[in-house]
Amino acid sequence: MKALILVDIQNDFLPGGSLAVPEGDTIVPTVNQLQNQFDLVVATQDWHPSNHLSFASNHDGLKPFDMIDLFGIKQVLWPDHCIQGSKGSQFSETLDMNAVSAIFRKGMDPKTDSYSGFFDNGRRHHTGLSAYLKSKGIKQVYVCGLAADYCVYYTAKDAQSEGFETYFISDATKAIAQETLDFALKDLKQHQVKIISTKDL
């Protein structure tokens, strides 16, 4: 049994959004075509309160992409994005959601960011995604979406640590920056996550 995880394919991460991933919209047709190859499809959704402390706007004198210590965790400060109920938080209108059996929201605790679809960044709280996949008999997890070097990376890494055979679909994701993508891919390989493309499916 294999599952496809659609990571954060939301308006704020698409061109025109407040934290747009370059060419992020170009993966949507590929993601739509992939879905019928899997036993289960789930999605994650960034879902921040407006007072989230990962937002630069909530820190006087700081600006987006500054780095801070947030309760013991290194934190990049982001532009406001994916605020609960906003247009930016909604899934892309071109994303086929018909096969998605469950949506796992993350980043709701204002004190902790949550890149992974499984845990917050401090690994203090889980989303329930792992238990859900295991309850469905899933053994293999394939990860795609946005952004490759943050939320897709951490979701894939945690999927592997949770005991799933994990695949990162390289042509069904886009990164914010090449430097962070290079680091992410190297780290994933060291954690036995397999980097594949859609032609390998």
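Residues numbered from 1 in each chain as written. Predicted model: local features only at pLDDT ≥ 70, side-chain atom pairs only at ≥ 80, totals over all residues. Heavy atoms only, no water.

Draft legend 1. Fine view of the side chain of Ser54. Here Ser54 shows up in the loop between β2 (40-46) and β3 (67-70). For Ser54, a relative accessible area of 0% puts it in the buried group. At 2.9 Å, the side chain of Ser54 and the side chain of His52 are in polar contact. (Helix = DSSP H or I, 4+ residues; strand = E, 2+ residues; numbered from the N terminus. Buried < 20%, exposed > 50% of the residue type's maximum accessible area, 1.4 Å probe, protein only. Polar contact = N/O pair within 3.5 Å; in protein donor to acceptor, adjacent residues only side chain to side chain.)

Draft legend 2. Quick peek at the nonpolar core. Counting 58 residues, the largest nonpolar core has Leu4, Ile5, Leu6, Val31, Phe118, Leu133 and Val141 as the members making the most contacts within it. Considering each element in turn, this core owes the most residues, seven residues, to helix α3 (residues 148-161). (Core = buried A, V, L, I, M, F, W, Y, C linked by side-chain atoms within 4.5 Å.)

Draft legend 3. Structural view of the layout of surface pockets. Its volume calculated, the largest pocket comes out at about 480 Å³. Along the walls of the largest pocket sit 20 residues, with Tyr115, Tyr150, Tyr153, Tyr154 and Phe183 positioned nearest its centre. Every element with two or more residues in the lining of the largest pocket is listed here: β4 (73-76), α3 and α4 (178-190). Take the lining of the largest pocket: its biggest share by element is seven residues, from α3. Split into classes, the residues belonging to the lining of the largest pocket amount to nine nonpolar, four polar and seven charged. Computed from the structure, the second largest pocket encloses a volume of approximately 160 Å³. Along the walls of the second largest pocket sit Arg105, Lys106, Gly107, Met108, Asp109, Thr112, Ser114, Phe119, Asp120, His125, His126 and Thr127, which together make up its complete lining. Here the residues of the lining of the second largest pocket sort into two nonpolar, six polar and four charged. (1 Å grid on protein atoms, 1.4 Å probe; cavity = no way out; pocket = protein on both sides within 12 Å on 5 of 7 lines; lining within 4 Å. Points joined across faces, edges and corners; volume = space filled by probe spheres on them. Nonpolar A, V, L, I, M, F, W, Y, C, P; charged D, E, K, R; others polar.)

Draft legend 4. Structural detail: the environment of Ile103. Take Ile103: it is sitting in strand β5 (residues 100-106). A relative accessible area of 42% places Ile103 in the partly exposed class. For the pair formed by Ile103 and Ala43, sequence separation is 60 residues and the distance between their alpha carbons is 4.8 Å. With near-sequence residues (within four places) excluded, Ile103 lies in contact with Ala43, Gln45, Phe91 and Met97. (Contact = heavy atoms within 4.5 Å.)

Draft legend 5. View of the pattern of salt bridges. Tallied over the full model, the rule gives seven salt bridges. Residue Lys106 pairs with Asp8 through a salt bridge whose shortest N-O separation is 2.7 Å. Pair noted here: Lys106 is in strand β5 and Asp8 is in the loop between β1 (2-7) and α1 (28-34), with a separation of 98 residues, a long-range link. Overall, Asp8 belongs to the buried group, its relative accessible area being 0%. Through salt bridges with shared partners, a single network forms among Asp8, Asp46 and Lys106. (Salt bridge = Lys/Arg side-chain N within 4 Å of Asp/Glu carboxyl O.)

So far we have only geometry, and geometry alone does not tell us how the molecule works.
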